[in-house]
Amino acid sequence: MYMAYGWPQVIPLELPNCPSTQKIVYFKVVNSLLLVVAPTHIELWTSSQHRVRLGKYKRDVDSIQREGENLRAVWSPDTKLIAVLVSIEVLNKVQAFHLFMTSSFYLHIFKVQMTEKKIYVGGKQPTDLFLSNISLVLSEQVPFANTNLTMSNFVCDSKHMLIGLSDGSLYNISWKGEFCGAFFLDMLPNDGSGANKLSNHCSNGSTARGVQMGDGPNHMNHAMSQNSGILHLEFSIPLRSLFVLFSDGELIQCSVSKRGLKHAESVIVEKRFASREAVCASVAPDQQILAVGTQKGAVELYDLADSASLIRSVSLHDWGYSVEDTGPVNCIAWTPDNSSFAVGWKLRGLTVWSVSGCRLMSTIRQIGLNSVSSPVVKPTEGFKYEPMMGGTSLMHWDEHGYRLYAIEEGSSERIIAFSFGKCCLNRGVSGTTYVRQVIYGEDRLLIVQSEDTDELKILHLNLPVSYILQNWPILHVAASKDGMYLAVAGLHGLILYDIRLKRWRVFGDVTQEQQIQCRGLLWLGKIVVVCNYLESSDMYELLFYPRYHLDQSSLLCRKPLLTKPMVMDVYQDYLLVTYRPFDVHIYHVKITGELSPSSSPDLQLSTVRELSIMTAKSHPAAIHFIPDQLPHDDLSISDISSTHEPSKCLILRMNGDLSLLDLDDGRERELTHSVELFWVTCGQLGEKTNLIEEVSWLDYGHRGMQVWYPSLGADPFKQEDFLQLDPELEFDREVYPLGLLPNAGVVVGVSQRMSFSASTEFPCFEPSPQAQTILHCLLRHLLQRDKREEALRLAQISAEKPHFSHCLEWLLFTVFDAEISRQYSSKNQGAVANHAPSLLEKSCDLIRNFPEYYDVVVSVARKTDGRHWADLFSAAGRSTEMKYFTFRLFDECVQQRWYRTAACYILKRFHVSGLPVTSHPAGVIRRIFYFLVYDTPNAVLSLHADIYGTSSSTLDMVSKNDCIVLIETCLLLLVQVIAKLEGPAVSQCCALNLLQATLNESLYELAGELVRFLLRSGREYEHSSTDSERDSPRLLGYFLFPSSFRKQSNDAKSLIDSYVLHPFHLMNDSPSSKEPSVHIASVKNILESHASYLMSGKELSELVAFVKGTQFDLVEYLQRERYGSARLEDFASGLEMIGQKLHMGTLQSRLDAEFLLANMCSVKFKEWIVVLATLLRRSEVLYDLFRHNLQLWKAYSQTIQAHEAFAEYHDLLEELDGRLSSTANTEVVI
């Protein structure tokens, strides 16, 4: 796992001498050396601790003019030679009148030689760096048969190099400068006979000619020409595979014999890939995976060990970025351990992915997963801080994976270096622990730790300068079992860190430190086990040091090894060491004496088991002991304290296959595939606070987290139900899991964040730790196996842990959701009677033992469809508990202002209980009336202030949406509930109050619905028999006439409170009121009052929306208010003010003005007609008005000309003047 941290660094490059293109030709990092080939020069840098330019070669102007600029380049595997292909276009003349351009190609071979001039840091500190000389040793013209060619990149081995040509052929050149000629590939895959077959048919069925190329001596190959040129080559020496990508998107794999690239007949086509849109490719030899970049911006991963089958495809599409944003894939670079790969796009950004598809790092700004729209971003000044904004041209990892060097598309002036940290992933010869998650960079440790607030944070721990300066970089890190000690090894030596005391322990003798070349670290209790490489004898050994003292005098044991170990592991007193191809040695460690500075302990190793396993599978990447799992009832104190030799171990291979190895008989059982890492959790029964002892292990891959439980059989590893996949543990594809915290029952992961600063060019990359609980999965597993007592014990242990209530809620929610799905499938397939307690009932019984029970049930009910609440409440408890749930749900919804949930709950509660409305407890009715009669207006008017802490006058779109939800809910309640409970009179009072609130918040569509409801219910009320005792005039007065009513009664609040508390008593005692038209009149008064308010303030857009939403009769209102609220003081001020209010530059404002103009014309409101027609430039309307009233035209013209603000209407005046003048002349003639 690789995670970016810190600010990107910049390596400046020398600017070329007036090149024709601003693009780096070649870029590669090998053995701590960084080579850059620009169009006119070559630079060699060091990529180690100190980034220094070691040497350069700059071509002179004559050479560039004579032979052209650098076009392609390649670096020999031993880094001693550089081959550069240069090209220049020449104008040729044929006969007298025909001119055409041809290209001449030249091969330059440079030699890189280190001098004896050592580089000093700061002028004092010597380093292992020496200045280098880059000299030209060969310059020859390449005898291409066709001079009008384009080239692919170079690939090479130790003796020869290949380059692809645009005619579909491969051209072979030796490192000695010998041109071995071109050859075509036989496009029919090899049939297994080992010989390259002649063919007369291409892959598309068209006939092609057989070709014999004899450009070089003794190198001929019968093959076929290609219809498309070769775009890209990829060569893997470990796999002996050559991948050829053609310009039409076709990709093939060729095998290369041990003879290498020298002989054309050694390159044999083996298979084709399914991709037809490939533009680049990169191979991971350890994983045997080929990453193919496509034209659509995605990367496809192919399994080379499984007939080149497609594994998966990754892209930024799920993050909202399409190919229009990023462009096609431009380059791909695998990390040194092949566990991750970086992807650079043509137009924008680069991203690092894990093999499983987790996005580890991205330079593109984050917008979150599953965005609906694609954030198309242009490279403006506001985005200058995003690295690789112009696309990624080339990139390469350093040899340790701590740096990713990238060059921006179209840039030749600098290299951008991103710093990365790696995680101890249980791989190789170094171990780790669950308690402490550590990411280590080149000179520091990033430790995930929990604060007092239970928040995970990352601590940057820098290594001592005296150690890291001499032993850069960090190579191995291991944490002790309790997580309190860290062992860190660099190039030489070893240091320990005490997290509790925050102190480093180092070797006192630097000579002893330099004798250790650590190749792996393990913790064996309080002992550090170091796998040391002896360079003088090319041998390996194990060194056992006590953690309290690092010195040869304290060395407990020295164990020589047969050869370089492949994987190591430790469990209690047993040590496992494996060698290639697959030899397993298990040692027992016996310590006599006390491990303390005051005593002289002795450590002895004895071999207890040796296995040699013959297999054709890929090599192991990690092996871990699986302790024998004994039932709890069979455990005694002696069993816990004593050690048992493990008889099984888990094997994770390089290709991601996970298997279980029986150490007794050597039999290996395949479990799953596509696994990146795993954690063994069983065998820790001695820890009382371990929450995951029921789990055998967990693994992580592209499927997410998988939890493995022991089965119920005699052999817990032989049952078919051994594996349980928990989709609830699937991490976000931006979060990569680092490890487990068994005592907390959580999985710790990390994701990338970026922080921007105006003082820096690039953002700072910050790893952000995340935690995800696993407790709900463990509890569900125990309940599924009817282990109720174990589940209760585990829950009681976890009761004090953070997020315990959330775990119980998540348990009940997942179980309830599965129960709903099961019921649905049972209806379709036919139900089978089963009287055993369901998993839902078991879960409720478990949660009932904790005080969070009611809160958990209420919370789960709130998250699920109300149609299924009956099943949940039935399983949750008895009828009394069910009533408690209902009231708790409703009260919480109202108190939290979740009005929609409250409304739906009330309606569903009536349905669930099956009781008549009148039988509901008075408390429910009182609560409904309280928030409708007394609380809702305040909630509407102060919703924004309550939630956001700002004035309700500054309502934004979010708060308005909240208001919409509130009003819709209240409307639903009064129509569906209140009318049934208290009759139409009271429901109409509520509706009137809500109507006023909706108008105040400009929610005119909802206001229209309320108006239609009130008018309809008012008519029904007039023709229906009225129960006079049910209407309260005091209550109606409070609703309809709040101001006047309060003047008449100073005790309105107490009246409403008494009504809410004793509604039936108040209604029965109130006098009758037969005012059937009061509701309709009140609606009309409210609407006219709001229309006057809008017209007085000349809020014309609001007025149009109000009229359209409520169907208010504007014509009648204008006729009545012509000299009232609708009156304009004068034309000039009216035109200026209305122009400002309407904002005529927008289409909606013009439509509103047209609507108003039509209504003003209906009532012949001349003042408004002149203003609106002028704003709309409706000359025909103005013409019809002025042609019969020239005095009005004269006043209009003088007003427009007298005000500078109306200069924009002078052209309108000229048009009207011309039309009116012609009309007058016509009348005179007549």
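For every chain, the first residue of its written sequence is number 1, and the numbers climb from 1 along that sequence. Confidence filtering applies because this is a predicted model: local features only for residues at pLDDT of at least 70, side-chain atom pairs given and counted only at 80 or more, and all residues used for totals across whole chains, interfaces and linings. For side-chain calculations, the full set of non-hydrogen atoms in the structure is used, while hydrogens and water are omitted.

Colleague: Any chance you could break down the overall build of the protein for me, citing the residues and the numbers?
Modeller: Counting from the N terminus, the helices are the DSSP runs of H or I reaching at least four residues and the strands are the DSSP runs of E reaching at least two. Summing up its helical and strand segments, the protein has 30 helices and 57 strands in all. Split into buried and exposed, the 1230 residues of the protein put 53% on the buried side. Only heavy atoms enter the contact rule, under which two residues are in contact if any of them lie within 4.5 Å. Partitioning the contacts of the protein with sequence separation of at least 6, the portion at a separation of at least 24 is 56%. Accessible surface for the protein amounts to roughly 55400 Å². Of this, 50% is attributable to carbon and sulfur atoms. The rule is simple: take the accessible area with a 1.4 Å probe, protein chains only, and divide by the maximum for that residue type; under 20% is buried, over 50% is exposed, in between is partly exposed. Throughout, the Shrake-Rupley method with a 1.4 Å probe supplies accessible areas, and for residues the shown protein chains are the sole cover considered.

Colleague: How would you summarise the packing of helix H25 (residues 1131-1142) against helix H29 (residues 1190-1202) if you had to cite specific residues and measurements?
Modeller: Helix axes use the C-alpha atoms of the stretch in contact, all axes being lines fitted to C-alpha atoms, and the angles between their N-to-C directions lie in the range 0 to 180 degrees. Look at H25 against H29: their axes get within 10 Å of each other, and the N-to-C directions meet at 60 degrees. Judged by the inter-axis angle, H25 sits oblique to H29. Crossing angle aside, the handedness with which H25 passes H29 is right-handed. Every residue of H29 that contacts H25 at Phe-1131, Ala-1132 and Leu-1135 is listed here: Tyr-1196, Thr-1199 and Ile-1200. Looking at the contact of H25 with H29 residue by residue, the classes come out as 5 nonpolar, 1 polar and no charged. An angle counts as roughly parallel when it lies under 35 degrees, as roughly antiparallel when it exceeds 145, as roughly perpendicular when it falls between 65 and 115, and as oblique in every other case. By convention, the crossing between two helices is left-handed when the near helix turns anticlockwise from the far helix through less than a right angle, and right-handed when the turn is clockwise. Under the scheme applied, nonpolar residues are Ala, Val, Leu, Ile, Met, Phe, Trp, Tyr, Cys and Pro; charged residues are Asp, Glu, Lys and Arg; polar residues are all the others, including Gly.

Colleague: Outline the side chain of Glu-43, listing residues and values.
Modeller: Within the element layout of this structure, Glu-43 appears in strand S5 (residues 41-46). Owing to a relative accessible area of 1%, Glu-43 belongs among the buried residues under this scheme. For the purposes of these results, a polar contact is taken to be a pair of N or O atoms within 3.5 Å, where, inside protein, one atom must be able to donate a hydrogen and its partner to accept one; residues adjacent in sequence count only when each atom of the pair is a side-chain atom. Reaching out from Glu-43, the side chain makes a polar contact with the side chain of His-41 at a distance of 2.9 Å. Among the polar contacts made by the side chain of Glu-43, one reaches the side chain of Arg-53 at a distance of 3.4 Å. If we skip the residues at most four places from it in the chain, Glu-43 touches Leu-13, Glu-14, Leu-34, Leu-35, Val-36, Arg-53, Gly-55 and Lys-56.

Colleague: Hey, could you go over the sheet that holds strand S19 (residues 251-256) for me, with residue numbers and the actual values?
Modeller: Criterion used throughout: strands pair if DSSP finds at least two bridges between them. The 4 strands are arranged S17-S18-S19-S20 in an open sheet whose pairing can be described as antiparallel. The two strands at the open ends of the sheet, each matched to only one other strand, are strand S17 (230-236) and strand S20 (267-272). Sheet twist, expressed as the mean angle between neighbouring strand axes with direction ignored, is 25 degrees.

Colleague: Could you give me a rundown of the pairing of S5, with the residues and numbers involved?
Modeller: Burial of S5 is extensive: 6 of the 6 residues sit out of reach of the surface. Covered by surrounding structure in S5 are His-41, Glu-43 and Trp-45 together with Ile-42, Leu-44 and Thr-46, the residues of both alternating faces. The pairing of strand S4 (residues 33-37) with S5 spans 5 bridges and is antiparallel. The residue of S5 that forms the bridge with Val-36 is Glu-43. In textbook terms, the turn of a hairpin is the stretch between consecutive antiparallel strands, and for S4 and S5 this stretch comprises 3 residues. Two strands pair when backbone bridges link them, and S5 and strand S6 (residues 53-58) are joined in this way by 5 bridges, in the antiparallel orientation. What sits directly across from Leu-44, in S6, is Gly-55. Taken together, S5 and the strand that follows it, S6, pair antiparallel across an intervening segment of 6 residues.

Colleague: An account of the nonpolar core is requested, with residue identities and associated values reported.
Modeller: Nonpolar core, defined: a set of buried Ala, Val, Leu, Ile, Met, Phe, Trp, Tyr and Cys residues in which side-chain atoms within 4.5 Å join the residues together. Residues Met-1, Leu-404, Phe-418, Phe-420, Leu-779 and Leu-812 are the most contacted members of the largest nonpolar core, which totals 78 residues. Residue contributions to this core peak at 8 residues, all from helix H8 (residues 804-829). One finds Leu-995, Leu-999, Leu-1156 and Leu-1172 within the second-largest nonpolar core, a separate group that totals 59 residues.

Colleague: Describe the pattern of salt bridges, naming the residues involved and giving the relevant values.
Modeller: Salt bridges are identified by distance alone: a Lys or Arg side-chain nitrogen within 4 Å of an Asp or Glu carboxyl oxygen. Counted according to the given criterion, the structure contains 31 salt bridges. Residues Glu-734 and Arg-359 are paired through a salt bridge, measuring 3.2 Å at the closest nitrogen-oxygen approach. Of this pair, Glu-734 sits in the loop between strand S54 (723-725) and strand S55 (736-741) while Arg-359 is found in strand S28 (residues 359-362), placing the two residues 375 residues apart along the sequence. We note that Glu-734, like Arg-359, is buried. Taking the shortest distance from any N to any O, the salt bridge between Asp-665 and Arg-667 comes out at 3.8 Å. Taking the relative accessible area as the measure of exposure, Arg-667 reaches 45% and is therefore partly exposed.

Colleague: Give me the pairing of S28: which residues, what numbers.
Modeller: Relative to S28, strand S27 (residues 350-354) is paired through 3 bridges, and the arrangement is antiparallel. Looking at S28, one finds that Val-352 is bridged to Met-361. Following S27, the chain reverses through 4 residues before pairing antiparallel with S28; Gly-357 in that reversal takes a positive phi of roughly 100 degrees.

Colleague: So what's going on with the sheet that holds strand S47 (residues 620-626)? Residues and values would help.
Modeller: Here 4 strands make up an open sheet; going across it, the order is S47-S48-S49-S50 and the pairing antiparallel. Edge strands, defined here as strands with exactly one partner in the open sheet, are S47 and strand S50 (668-672). Geometrically, the sheet is characterised by an average inter-axis angle of 25 degrees between neighbouring strands, direction not taken into account. Here 5 bridges tie strand S48 (residues 648-653) to strand S49 (residues 658-662), and the two strands are oriented antiparallel to one another. Looking at S49, one finds that Ile-651 is bridged to Ser-659.

Colleague: Go over unusual backbone geometry with me, naming the residues and quoting the values.
Modeller: Each neighbour pair has its own omega, and for Trp-472 with Pro-473 the value is 0 degrees, a cis peptide bond. Phi at Asn-31 is positive, roughly 50 degrees, even though this residue is not glycine. Phi angles above zero are rare outside glycine, and Lys-1098 is one such case at about 55 degrees. Mapped onto the elements of the fold, Lys-1098 is located in the loop between helix H22 (1078-1096) and helix H23 (1100-1110).

Colleague: Tell me what's going on with helix H7 (residues 788-798), and back it up with residues and numbers.
Modeller: Three or more residues of H7 are buried, namely Ala-791, Leu-794, Ala-795 and Ser-798. All buried residues of H7 lie within an arc of 100 degrees about the axis, which places them on one face of the element. The arc refers to the directions leading from the helix axis to the C-beta atoms.

Colleague: An account of H29 is needed here, citing residue identities and associated values.
Modeller: The span you would expect from a helix comes to 1.5 Å times its residue count less one. The terminal C-alpha atoms of H29, which comprises 13 residues, lie 18 Å apart, in line with the 18 Å expected from a rise of 1.5 Å per residue. If you check which residues of H29 are buried, you get Trp-1193, Tyr-1196, Ser-1197, Thr-1199 and Ile-1200. Around the axis of H29, the buried residues are gathered within 165 degrees of arc, so they sit on the same side. For H29, exposure combined with an orientation more than 90 degrees from the buried face picks out Gln-1191, Lys-1194, Gln-1201 and Ala-1202.

Colleague: Go over the packing of aromatic side chains with me, naming the residues and quoting the values.
Modeller: Ring pairs are drawn from Phe, Tyr and Trp, using the six-membered ring of Trp, whenever the two centres fall within 6.5 Å, and their geometry is named by plane angle: stacked under 30 degrees, edge-to-face over 60, tilted for the rest. Within this structure, the stated rule accounts for 26 aromatic pairs. With 4.8 Å between their ring centres and 80 degrees between their planes, Phe-144 and Tyr-171 make a pair best called edge-to-face. Separated by 27 residues along the polypeptide, Phe-144 in the loop between strand S10 (125-141) and strand S11 (151-156) and Tyr-171 in strand S13 (residues 170-174) bring together distant segments of the chain. Of the residues examined, Phe-144 reaches a relative accessible area of 9% and is grouped as buried. An angle of 80 degrees between the planes, with centres 6.0 Å apart, marks the rings of Phe-418 and Phe-765 as edge-to-face. Here Phe-418, found in strand S31 (residues 414-423), pairs with Phe-765, found in strand S57 (residues 764-773); they are 347 residues apart in sequence, far enough to count as distant. Here the two residues Phe-418 and Phe-765 agree in accessibility, since each one is buried.

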